[in-house]
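Notes for the structure review
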Amino acid sequence: MLGKKKQSRRPAGQFDTLISAKTSIAGDLQFSGGLHVDGKIHGKVVAEEGSSAVLRISEVGEIEGNPAIGVTDDAFPAPKTTI
């Protein structure tokens with residue numbers, strides 16, 4: 001359709017970055033867009049300020065540190081993290 005603006009919302013299930021189950025990261029991680037974690041992150045996970053970031057941690061994924069992600073009212077409860 002002519003003149004229709006593109007939506008900037010991220011479609012559900014679209015993730016830019018995958019931390020696989022065989023991957024372990026030691027250190028802080030900053031991201032924007034979608035991040036899916038199946039592996040292990042030892043450090044802070046920080047969403048880029050002002051971005052529409054989405055963090056998804058699977059049943060096998062772990063974050064040992066502080067996830068600093070903005071949470072909206074319609075978000076699911078934050079996953080359990082080890083600090």
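Our structure's up above, just so we're on the same page.
Below: a short report on this structure. (Residues numbered from 1 in each chain as written. Predicted model: local features only at pLDDT ≥ 70, side-chain atom pairs only at ≥ 80, totals over all residues. Heavy atoms only, no water.)

**Quick look at the overall build of the protein**
We apply this condition: Elements are defined by DSSP. Helices are runs of H or I of four residues or more, strands are runs of E of two residues or more, and each kind is numbered from the N terminus. Only protein chains enter the calculation, and the probe is 1.4 Å; a residue is then buried if its accessible area is under 20% of its type maximum, exposed if over 50%, and partly exposed in between. The contact rule is simple, with two residues in contact once any of their heavy atoms fall within 4.5 Å. Here the open area of atoms and residues is found with the Shrake-Rupley method and a 1.4 Å probe, where only the protein chains shown may cover a residue.
Within the protein one finds zero helices and nine strands. What you see in the protein, going N to C, is helices and strands ordered as β-β-β-β-β-β-β-β-β. Relative to its full complement of 83 residues, the protein shows a buried share of 22%. Contacts in the protein between residues far apart in sequence, at least 24 positions, make up 9% of those at least 6 positions apart. Only carbon and sulfur atoms are counted for the fraction: they give 51% of the accessible area of the protein, which is about 6500 Å².

**Brief notes about the sheet that holds strand β4 (residues 34-37)**
Our working definition: Here, a strand pair is defined by DSSP locating no fewer than two bridges between the strands. Interaxial angles span 0 to 180 degrees and are taken between N-to-C directions of axes, which are lines fitted to C-alpha atoms, for helices over the stretch in contact.
The strand order across the open sheet formed by three strands is β1-β4-β7, and the pairing between neighbours is parallel. The sheet is open, and its two borders are formed by β1 (17-19) and β7 (54-57), each paired with just one other strand. Between one strand axis and the next, the sheet turns by 15 degrees as a mean value, whatever way the strands run. Relative to β4, β1 runs parallel, the two being bridged by three bridges. From the neighbouring strand, Thr17 faces β4, where its bridge partner is Leu35.

**Thoughts on the sheet that holds strand β5 (residues 40-42)**
Overall, parallel pairing links the three strands, which are arranged β2-β5-β8 in an open sheet. The open sheet terminates on both sides in strands that have one partner only, identified here as β2 (24-26) and β8 (62-64). Going from strand to strand, the sheet's axes swing by 5 degrees on average, the running direction of each strand aside. Sheet analysis places β5 next to β8, joined by three bridges and oriented parallel. Following the sheet pairing, Ile41 is matched in β8 by Ile63.

**A few points about the nonpolar core**
For the record, the criterion: Residues belong to a common nonpolar core when they are buried Ala, Val, Leu, Ile, Met, Phe, Trp, Tyr or Cys residues joined through side-chain atoms within 4.5 Å.
With ten residues, the main nonpolar core is built from Ile19, Leu29, Phe31, Leu35, Val37, Ile41, Val45, Ala47, Ala53 and Ile63. Among the elements of the structure, β3 (29-31), β4 and β6 (45-47) are those that each provide at least two residues to this core. If we ignore the near neighbours within four places in the chain, the residues touching Ala47 are Phe31, Ala53, Ala68 and Ile69.

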